[in-house]
Amino acid sequence: MKTIKIAIQKSGRLNEKSVELLKNCGLNFENYKSSLISKVTNFPLEILFLRDDDIPEYVQDGIADLGIVGENVIAETKVSTHTLQKLGFGKCTLKIAVKKDELISDIAELENKTIATSYPIILQDYLDKNNIKANIRTISGSVEIGPGLGLSDAICDIVSTGATLKSNGLVPFADVLSSEAVLITKNTNESSHLIEELLQRIQSVLRAKN
Ligand code: PRT
Ligand code: ZN
């Protein structure tokens, strides 16, 4: 019998909610922290545990039939996948922020400034759309310390509660992208019975929550 594969985050902010969603769909599987793949015992499904950044590509290339990942990651990797369902968790916004004494309130004032981010592709798109030329400095983490160290004039990073910005003396002033976790599949017209059935189960779990 055919088996399908779903890729979810191995550890991090989306892992727990992704596992919980699949368990709430009635799927039985072991969730060992050390295993990278887990077989569901009561549905022809295998779960692949991956770094979130790799999920869109695995789905695009058909290595996984489905994936659960943040919309921000999909936008940054520029792969072509199809979103089947928004999942209502992992909500956050990619924002531009500056030091609170900077007094920048209009994005036009970013012209020729240096902006530190882990999302250079999304940020470049945003700047192009707004006709702003700025220098993007790509760093992989701890973006928020940039302005304080004189590394950058502004940052563009994910914000959820805003506590990290605040504790680094930064204030947000422009929203670049809103994001939440989504269920994705390959960008094709063909679907399968198994994908449809799992999607229906996920949708009824989401309906029961609302
Ligand atoms: O190891 P792996 O590559 O899989 O994980 P990761 O470290 O790249 O990602 P992870 O686990 O941090 O986040 C996974 C996804 O959760 C992100 O891609 C977003 O879609 C979503 N998400 C939701 C967030 C946040 N909220 C969030 N607050 N991702 C990151 N943050 C970080 C943000 O970068 C900043 O440093 O939290 C800090 C700000 O949080 P607040 O609450 O202080 O505003
Ligand atoms: Zn990641």
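Note that this is a predicted model, so its numbers are computed, not measured.

**Student:** Please clarify how the overall build of the protein chain should be interpreted in this entry.
**Tutor:** On a plain count of helices and strands, the protein chain comes out with seven helices and eleven strands. The burial tally for the protein chain puts 31% of its 210 residues in the buried class. Put simply, of all contacts in the protein chain between residues at least 6 apart along the chain, 65% involve residues at least 24 apart.

**Student:** Quick question: what am I supposed to make of the site of ligand 1 here?
**Tutor:** The immediate surroundings of ligand 1 are formed by 21 residues, with Gly12, Gly70, Cys92, Thr161 and Thr164 found nearest. Elements that contribute at least two residues to the shell around ligand 1 include exactly helix H3 (71-77), strand S9 (154-159) and helix H6 (163-167). Tallying contributions element by element places S9 first for the shell around ligand 1, with three residues. Looking at the shell around ligand 1, its residues break down into six nonpolar, ten polar and five charged. Three or more residues apiece are contributed to the shell around ligand 1 by two domains, here domain 1 (4-90 + 180-209) and domain 2 (92-179).

**Student:** What am I meant to see in unusual backbone geometry here?
**Tutor:** The general pattern is negative phi for most residues beyond glycine and trans for most peptide bonds. Not every positive phi belongs to a glycine, and Lys78 is a case in point at roughly 55 degrees. Following the sequence through the fold, Lys78 ends up in the loop between H3 and strand S5 (81-86). Phi at Asn112 is positive, roughly 65 degrees, even though this residue is not glycine. Tracing the chain through its elements places Asn112 in the loop between strand S6 (92-99) and strand S7 (114-117).

**Student:** I tried to follow the environment of Asp106 on my own but got confused; where do I start?
**Tutor:** By the element assignment, Asp106 lies in the loop between S6 and S7. For Asp106, a count of 8 C-beta atoms within 10 Å corresponds to the exposed category. Residues Asp106 and Ala174 lie 68 residues apart in sequence; the distance between their C-alpha atoms is 8.2 Å.

**Student:** I would appreciate a short explanation of the domain arrangement of the protein chain in the present structure.
**Tutor:** Many authors give the size of an interface as the accessible area that is lost as the parts come together. You can read the domains of the protein chain as domain 1 (4-90 + 180-209) and domain 2 (92-179). Between domain 1 and domain 2, the C-alpha centre-to-centre distance is 30 Å. Listed as interface residues are eight residues of domain 1 and, on the opposing side, eight residues of domain 2.

**Student:** Where do I start with the sheet that holds strand S11 (residues 181-186) in this structure?
**Tutor:** Across a sheet, strands are paired by hydrogen bonds formed along the backbone, either parallel or antiparallel in direction. The strand order across the open sheet formed by six strands is S2-S3-S1-S4-S11-S5, and the pairing between neighbours is mixed. Whereas interior strands pair on both sides, the edge strands pair on one side only; in this sheet they are strand S2 (37-39) and S5. Ignoring which end each strand starts from, the neighbouring axes of this sheet average 30 degrees apart. Note that strand S1 (residues 4-9) and strand S3 (residues 45-50) share six bridges and pair parallel.

**Student:** Mind showing me how you'd approach the pairing of S11 here?
**Tutor:** It is a general feature of regular strands that their side chains alternate between the two faces of the sheet. Counting buried residues in S11 gives five out of six residues, a clear majority hidden from the surface. The pairing of strand S4 (residues 66-70) with S11 spans five bridges and is classified as antiparallel. Across the sheet, residue Gly67 finds its bridge partner in S11, namely Ile184. Strand direction decides the pairing type here: S5 and S11, joined by five bridges, are antiparallel. Each residue of the ladder has a partner; that of Gln85, found in S11, is Leu183.

**Student:** Can you walk me through the sheet that holds S7 in this structure?
**Tutor:** Overall, mixed pairing links the five strands, which are arranged S8-S7-S9-S6-S10 in an open sheet. With partners counted over all chains shown, the strands left at the sheet margins are strand S8 (135-138) and strand S10 (170-179), one partner each. For this sheet the average axis-to-axis angle between neighbouring strands, irrespective of direction, equals 25 degrees. Inspection of the sheet shows S7 paired to S9 by three bridges, in the parallel sense. Residue pairing for S9: Thr117 is matched across the bridge by Cys156.

**Student:** How do you make sense of the environment of Ala116 when you look at a structure like this?
**Tutor:** Looking at the element boundaries, Ala116 is found in strand S7. Under the C-beta neighbour-count criterion, Ala116 is labelled buried, with 25 such atoms within 10 Å. With 22 residues separating them in the primary sequence, Ala116 and Thr138 have C-alpha atoms 5.8 Å apart.

Definitions and limits used
Residues numbered from 1 in each chain as written. Chains lettered and ligands numbered in written order. Predicted model: local features only at pLDDT ≥ 70, side-chain atom pairs only at ≥ 80, totals over all residues. Helix = DSSP H or I, 4+ residues; strand = E, 2+ residues; numbered from the N terminus. Buried ≥ 20, exposed ≤ 12 C-beta atoms within 10 Å, placed from the backbone. Contact = placed C-beta atoms within 7 Å. Near = placed C-beta within 6 Å. Nonpolar A, V, L, I, M, F, W, Y, C, P; charged D, E, K, R; others polar. Domains from an automatic or database assignment. Pairing = 2+ DSSP bridges. Axes fitted to C-alpha atoms, helices over the stretch in contact; angles between N-to-C directions.

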